[in-house]
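Descriptive structure summary
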Amino acid sequence: MKVYVAGKLTNENEREFLERIAKLCESLGFKTFLPHREVGLAKNMKDVNKIFKGDIIDGFKNIDLVVADLNGLHVGAGTAWELGYAYSKKIPCIGIKTDEPVSEALDSLSAILIYSVDIVKSLEELKEKLEDFKNKK
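The structure reproduced in this document is the subject of the present report. Predicted model only: the values in this text are computed from it and were never measured.

Analysis parameters
- Residues numbered from 1 in each chain as written.
- Predicted model: local features only at pLDDT ≥ 70, side-chain atom pairs only at ≥ 80, totals over all residues.
- Heavy atoms only, no water.
- Helix = DSSP H or I, 4+ residues; strand = E, 2+ residues; numbered from the N terminus.
- Buried < 20%, exposed > 50% of the residue type's maximum accessible area, 1.4 Å probe, protein only.
- Pairing = 2+ DSSP bridges.
- Right-handed = clockwise from strand over helix to strand, strands pointing away.
- Core = buried A, V, L, I, M, F, W, Y, C linked by side-chain atoms within 4.5 Å.
- Contact = heavy atoms within 4.5 Å.

**As for unusual backbone geometry**
- A positive phi angle, close to 60°, is found at Asn62, a residue other than glycine.
- Phi is positive for Lys90, close to 60°, though the residue is something other than glycine.
- Structurally, the position occupied by Lys90 is in the loop between helix H4 (77–88) and strand E4 (93–96).
- A relative accessible area of 73% means that Lys90 is categorised as exposed.

As structure tokens, then:
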């Protein structure tokens, strides 16, 4: 089974948290697709086609689950797009939001994300959800 790990990539802390999520998934036997690891980062407008093709066209092939970092004052535009794309393809999604309770995050997450994504509050809770997902497959 393969997990697409989505989240903001603008700084080292964000990328490091995504790598922790990927390692957790891998420790449970999942293969992972981590966009900045597999495709790289967009440095300028010339990279847009490469990023879209790598992250979406190739990256979503054979994906069974999306895990998305939802931390921060807002969800990244790419992350929101990836979650919507996964939803349209009936790929289950788990979000992780460790910085505030979901019950207080309506402004930063939106009703649409809260409704459509199963959201956990810690890496420990994510591990439990991943184990449940794996056992149901």
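Picking up after the structure, the text goes on.
**Examining the pairing of E4**
- Of the two faces of E4, both are covered, the one formed by Cys93 and Gly95 as well as the one formed by Ile94 and Ile96.
- Both strand E3 (residues 65–69) and E4 contribute to a ladder of four bridges, which runs parallel. Directly across from Val67, in E4, lies its bridge partner Ile94.
- The parallel pair E3 and E4, bridged by H4, forms a crossover whose chirality is right-handed.

**Side note on the nonpolar core**
- Counting residues in hydrophobic clusters, the biggest one holds 21 residues, and the most contacted among them are Tyr4, Phe60, Ile63, Val66, Leu70 and Leu83.
- Put simply, the parts of the chain that give this core at least two residues each are strand E1 (2–6), helix H3 (48–58), E3 and H4.
- If near-sequence neighbours (up to four positions away) are discounted, Leu70 is found in contact with Val75, Leu83, Gly95, Ile96, Lys97, Leu109 and Ile119.
- Core analysis: the next-biggest nonpolar cluster, separate from the first, contains 20 residues, Phe30, Leu34, Val120 and Leu123 among them.

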